[in-house]
Amino acid sequence: MNLAYRDVRHNLFRFLLTCLGLSLLMAVVLAMIGIYNGLVSDALNIVKAPQAELWVVEHGTQGPFAEASKIPGDTRDAVARLHGVSEAGSITYKTVEAKFAGDTLRLYVIGYQLGRPGGPQTVVEGRNIQRSHFEMVADRKSGLTPGDYIRLGRDNFKVVGLVEDTMNSAGDPAIFITLADAQTLQSQLAPPALRVQIARGAGLLESENAVAAVIARLDANADAQSVAQTVRQWKHLSAMTQAEQEELLIQSVVDRARRQIGLFLGILLTVSAVVIALIIYTMTMEKLKQIATLKLIGAPDRVIIGLIVQQSVALGAVGWFFGLGIILLVKDYFPRRVLLEPHNAAALAGIILVVCVVASGLGVRAALKVDPAEAIGG
Amino acid sequence: MADDKRNVIVDIKGVSKHFGTGDARVDALRDVDLKVHAGEVIALLGPSGSGKTTLLNVIGCILEPNQGQVQLDGEMVYDNRWLRSDLRKLRLDKIGFVFQFHNLLPFLDAKDNIALVLQLAKKSKAEAQARAIELLDYLEVGHRKDAMPAQLSGGEAQRVAIARALANSPRIILADEPTAALDSKRAGIVMDLLRKLAAEQDACIIAVTHDEKIYDRFDRLFHLRDGQLDHDQIN
Ligand SMILES: Nc1ncnc2c1ncn2[C@@H]1O[C@H](COP(=O)(O)OP(=O)(O)O)[C@@H](O)[C@H]1O
Ligand SMILES: [Mg+2]
């Protein structure tokens, strides 16, 4: 007869309540892991979206994601003429705030040239941008739907299509508009002093015509590194391969988030471990008298250890299972993408198992020390 | 009584036990000798703190004395030190305990509380269940076999506890105030039962009691005073 099971069944409500508490804790841990994964994946999505092989940015910067980068718009033509480059497109990135249906949206505006690299890849609803002005494709997370109009700067844009999983590392959903619109928006949103300068003609080229980066796709047999090397010899410009850009993003943008979330995750895991240990230890302490009775009637240690260890592992397993269930149910309602890989859940299961076994070790120690005579006292 | 060695189940010689040291030293047992024979039902009497529970615990091998000899069912188990390392197995096979409070496991129903000790003694599940129900019927609580301990009345719980103590047919039944929680009518019934069982199973029963109304149910009464077993009254 399995004593652990029988005891759990006898105190089923309490056991389930404890499991529920534990599973909420597990759900938070999993959410944290999922948010981190989502953040890395989103950040990389933005970099991967243009399907570029080469990034040309301002000299001395690590743009356009890790740092601001500003290069002249005609850089594209020079890049496009390079040997080994098959396609090139100018691209801008800017975070703006816009009012929509009474809410203020934070949007990550991507400006690209129609027919050139940098536009939305997979439009899941509606269509791609066709007109050169005032049309936009938005990420579904923005809450916009095809047919909506939204005011950016001084112009009204019509949402014509939706994409998914396109946002910057801060979680702001992306919208795509044409490069020309993006540049106009940029100048409309520029600080007043700069606007005066632009009106006078000074820095016009720089500001109104500037782009964040030029992205290029290469011929099948071209070597990204050597093309990049050529660009680096040009004044005021720098170049990165796609791999370098992804690496850079992970190191700069994502690394900060990793440290923050990693810290929280560490704290959460520690708290969870302590809570689990406490629950199991208390559970055992409350049973000391029954354990004394078991010893008195002649139960071997194996039976007593089994009772404690099986219960704590069951507690951890049920908590983990429900925690996973909870997070899978609610993850789509999170403001940020929660991306869980099977190995994350498995790793957590491993950690919980170790914590449960260690914690029940403490309980077992106490249980083995208890004197069978203690069963007798009132 | 004839000193037939084969018939002596509990044989204690010169057992002493003290707790604490110096000023705090309490001599709970002083040089106690006691022989109990098969089929005998004896009572330990004495004021509170006189060492009755301590003596039961020594006989039950759950408390190590400081000196003396303890022989149970012909086997020397303590001779200034324990001679067996598996005292729990010894208890499982030879000793049944009944207490003032029943000490049933709260998460097992009446029959499984009994079946557990049978299964611990390597009886098959079916065998254990059958014997548990047989014992409960015998103690007239068969109709409560599926009840949890919390649902049992005091008398019912005590009878289930007795059934558990008897499950493995022990030679020695130790009872610490087994009837203290019962009214005098039920106390009488429980004592009669214990006497009957001792006779049938050729076991001995050592019971601590304060209950004068049941003194006539014992073969012999022993008085403990300050850890000394004073004299021996034969009913
Ligand atoms: N575990 C213990 N530690 C210290 N003193 C004890 C312990 N158990 C019993 N005693 C002392 O030994 C004496 C005898 O106790 P006990 O055998 O319980 O008496 P009784 O059962 O006759 O009331 C008492 O003075 C009691 O305080
Ligand atoms: Mg006592």
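Residues numbered from 1 in each chain as written. Chains lettered and ligands numbered in written order. Predicted model: local features only at pLDDT ≥ 70, side-chain atom pairs only at ≥ 80, totals over all residues. Heavy atoms only, no water.

Trainee: Tell me about the overall build of chain A, and please be specific about residues and values.
Mentor: A count of helices and strands for chain A gives 11 helices and 10 strands. Expected size for 378 residues packed as a compact globule is a radius of gyration near 21 Å; at 29 Å, chain A overshoots this value by more than 25%. Structurally, chain A occupies a C-alpha span of about 95 × 50 × 40 Å along its principal axes. Within chain A, the proportion of its 378 residues that are buried is 50%. At a minimum sequence separation of 6, the contacts of chain A that also span at least 24 residues come to 75%. Roughly 17700 Å² of accessible area belongs to chain A as shown, and the carbon and sulfur atoms make up 59% of that amount. Across chain A, the mean location of the 35 positive side-chain charges is 6 Å away from that of the 33 negative side-chain charges. (Helix = DSSP H or I, 4+ residues; strand = E, 2+ residues; numbered from the N terminus. Rg over C-alpha atoms; globule rule 2.2 N^0.38 Å. Buried < 20%, exposed > 50% of the residue type's maximum accessible area, 1.4 Å probe, protein only. Contact = heavy atoms within 4.5 Å. Areas by Shrake-Rupley, 256 points an atom, 1.4 Å probe, with all protein chains shown as cover. Lys, Arg positive; Asp, Glu negative; His and termini not counted. Charge placed at Lys NZ, Arg CZ, Asp CG, Glu CD.)

Trainee: Go over the overall build of chain B, please, and point to the residues and values.
Mentor: When its secondary structure is counted, chain B shows six helices and 10 strands. Its C-alpha radius of gyration of 18 Å places chain B within 12% of the 18 Å reference for a compact globule of 235 residues. When burial is assessed residue by residue, chain B has 57% of its 235 residues classed as buried. Looking at chain B alone, contacts between residues at least 24 apart form 67% of all its contacts between residues at least 6 apart. Accessible area of chain B: about 10000 Å², with a carbon and sulfur share of 46%.

Trainee: Describe in detail a nonpolar patch on the surface, supporting the description with residues and values.
Mentor: A grouping of A:Leu263, A:Phe264, A:Ile267, A:Val271 and A:Val275 is seen on the molecular surface, where their side chains present a nonpolar patch of about 440 Å² in accessible area. Along the polypeptide, A:Leu263 turns up in helix α8 (residues 242-286). (Patch = residues over 30% accessible without salt bridge, like charges linked within 9 Å, V, L, I, M, F, W, Y side chains within 5 Å. Salt bridge = Lys/Arg side-chain N within 4 Å of Asp/Glu carboxyl O.)

Trainee: Summarise the site of ligand 1; cite the residues concerned and give the values.
Mentor: Residues and elements named next belong to chain B. If you check the shell around ligand 1, you find Phe19, Val26, Ala28, Pro47, Ser48, Gly49, Ser50, Gly51, Lys52, Thr53 and Thr54 and nothing else. Measuring from an oxygen atom of ligand 1, one finds a backbone N or O atom of Ser50 at 3.2 Å. Contacts to ligand 1 include Gly51, whose backbone N or O atom sits 3.1 Å from an oxygen atom. In isolation ligand 1 exposes 560 Å². Once the protein is present, 58% of that is buried. Where the shell around ligand 1 is concerned, the elements lending two or more residues are β2 (26-37) and α1 (52-59). When residues of the shell around ligand 1 are assigned to their parent elements, the largest contribution, three residues, is made by α1. Residue composition of the shell around ligand 1, grouped by class: four nonpolar, six polar and one charged. (Near = heavy atom within 4 Å. Polar contact = N/O pair within 3.5 Å; in protein donor to acceptor, adjacent residues only side chain to side chain. Nonpolar A, V, L, I, M, F, W, Y, C, P; charged D, E, K, R; others polar.)

Trainee: I'd like to hear about empty space enclosed by the protein, residue by residue, with values.
Mentor: One pass over the full model with this rule turns up two cavities of 30 Å³ or more. The volume enclosed by the largest cavity comes to roughly 100 Å³. In this structure, the largest cavity is lined by 13 residues; those nearest its centre are A:Ile297, B:Ile95, B:Gly96, B:Val117 and B:Arg164. Only α2 (87-94), β6 (95-99) and α5 (154-166) of chain B provide two or more residues apiece to the lining of the largest cavity. In terms of residue count, the dominant contributor to the lining of the largest cavity is β6(B) (three residues). Its residues assigned to classes, the lining of the largest cavity comprises nine nonpolar, two polar and two charged. There is about 30 Å³ of room inside the second largest cavity. (1 Å grid on protein atoms, 1.4 Å probe; cavity = no way out; pocket = protein on both sides within 12 Å on 5 of 7 lines; lining within 4 Å. Points joined across faces, edges and corners; volume = space filled by probe spheres on them.)

Trainee: Lay out the confidence of the model for chain B in plain terms, naming residues and giving numbers.
Mentor: Residue and element names in this part refer to chain B. Here chain B averages 89 in pLDDT, while 95% of its residues score no lower than 70. The least confident element of chain B is strand β10 (residues 228-234), whose mean pLDDT is 72; the most confident is strand β4 (residues 67-72), at 96. This complex was scored by the predictor with a pTM of 0.76 and an ipTM of 0.87. (pLDDT = per-residue confidence, 0-100.)

Trainee: Any chance you could break down the packing of aromatic side chains for me, citing the residues and the numbers?
Mentor: Using the criterion set out here, one finds seven aromatic pairs over all chains in the structure. Here the aromatic rings of A:Phe321 and A:Phe322 are separated by 6.0 Å at their centres, their planes lie at 65 degrees, and the arrangement is edge-to-face. For A:Phe321, a relative accessible area of 53% translates into the label exposed. Residue A:Phe322 is classed as partly exposed on the basis of its relative accessible area, which comes to 39%. Centre to centre, the rings of B:Tyr78 and B:Trp82 are 5.3 Å apart; their planes meet at 75 degrees, and the pair counts as edge-to-face. When its relative accessible area of 0% is taken as the criterion, B:Tyr78 is described as buried. Judged by its relative accessible area of 17%, B:Trp82 is buried. The rings of A:Trp55, A:Phe65, A:Tyr93 and A:Tyr108 are connected pair by pair, giving a single aromatic cluster. (Phe/Tyr/Trp six-rings, centres within 6.5 Å; stacked < 30°, edge-to-face > 60°.)

Trainee: A description of the side chain of A:Asp172 should follow, citing residues and the corresponding values.
Mentor: Residue and element names in this part refer to chain A. With respect to the helices and strands, Asp172 occurs in the loop between β7 (155-163) and β8 (174-178). Since its relative accessible area comes to 8%, Asp172 is described here as buried. If we ignore the near neighbours within four places in the chain, the residues touching Asp172 are Thr95, Arg106, Tyr108 and Met167.

Trainee: Any details on the sheet that holds β4(B)? Residues and values, ideally.
Mentor: All names here are of chain B. Strand order in the open sheet formed by four strands is β2-β1-β4-β5, with antiparallel pairing between adjacent strands. Two strands bound the open sheet, and with one partner strand each, they are β2 and β5 (75-79). Averaged over neighbouring strand pairs, the angle between their axes works out to 15 degrees when direction is ignored. Strand direction decides the pairing type here: strand β1 (residues 8-19) and β2, joined by eight bridges, are antiparallel. When the sheet's bridge partners are listed, His18 is paired in β2 with Asp27. Against the sheet, α1 touches β1, β2 and β4, its axis set at about 55 degrees to β2. (Pairing = 2+ DSSP bridges. Axes fitted to C-alpha atoms, helices over the stretch in contact; angles between N-to-C directions.)

Trainee: I'd like to hear about α2(B), residue by residue, with values.
Mentor: In an α-helix there are 3.6 residues to a turn, and that puts residues three or four apart on one side. Counting buried positions along α2(B) gives six out of eight residues, so the element sits mostly inside the fold. What α2(B) keeps buried is the set B:Leu87, B:Arg88, B:Leu90, B:Arg91, B:Leu92 and B:Lys94.

Trainee: Tell me about the environment of A:Leu82, and please be specific about residues and values.
Mentor: Residues and elements named next belong to chain A. With respect to the helices and strands, the residue Leu82 is situated in the loop between α3 (75-81) and β2 (85-100). Once the C-alpha coordinates of Leu82 and Thr230 are considered, the two residues, 148 residues apart in sequence, prove to be 8.7 Å apart. The residues touching Leu82, leaving out its near neighbours within four places in the chain, are Val227, Thr230, Val231 and Trp234.

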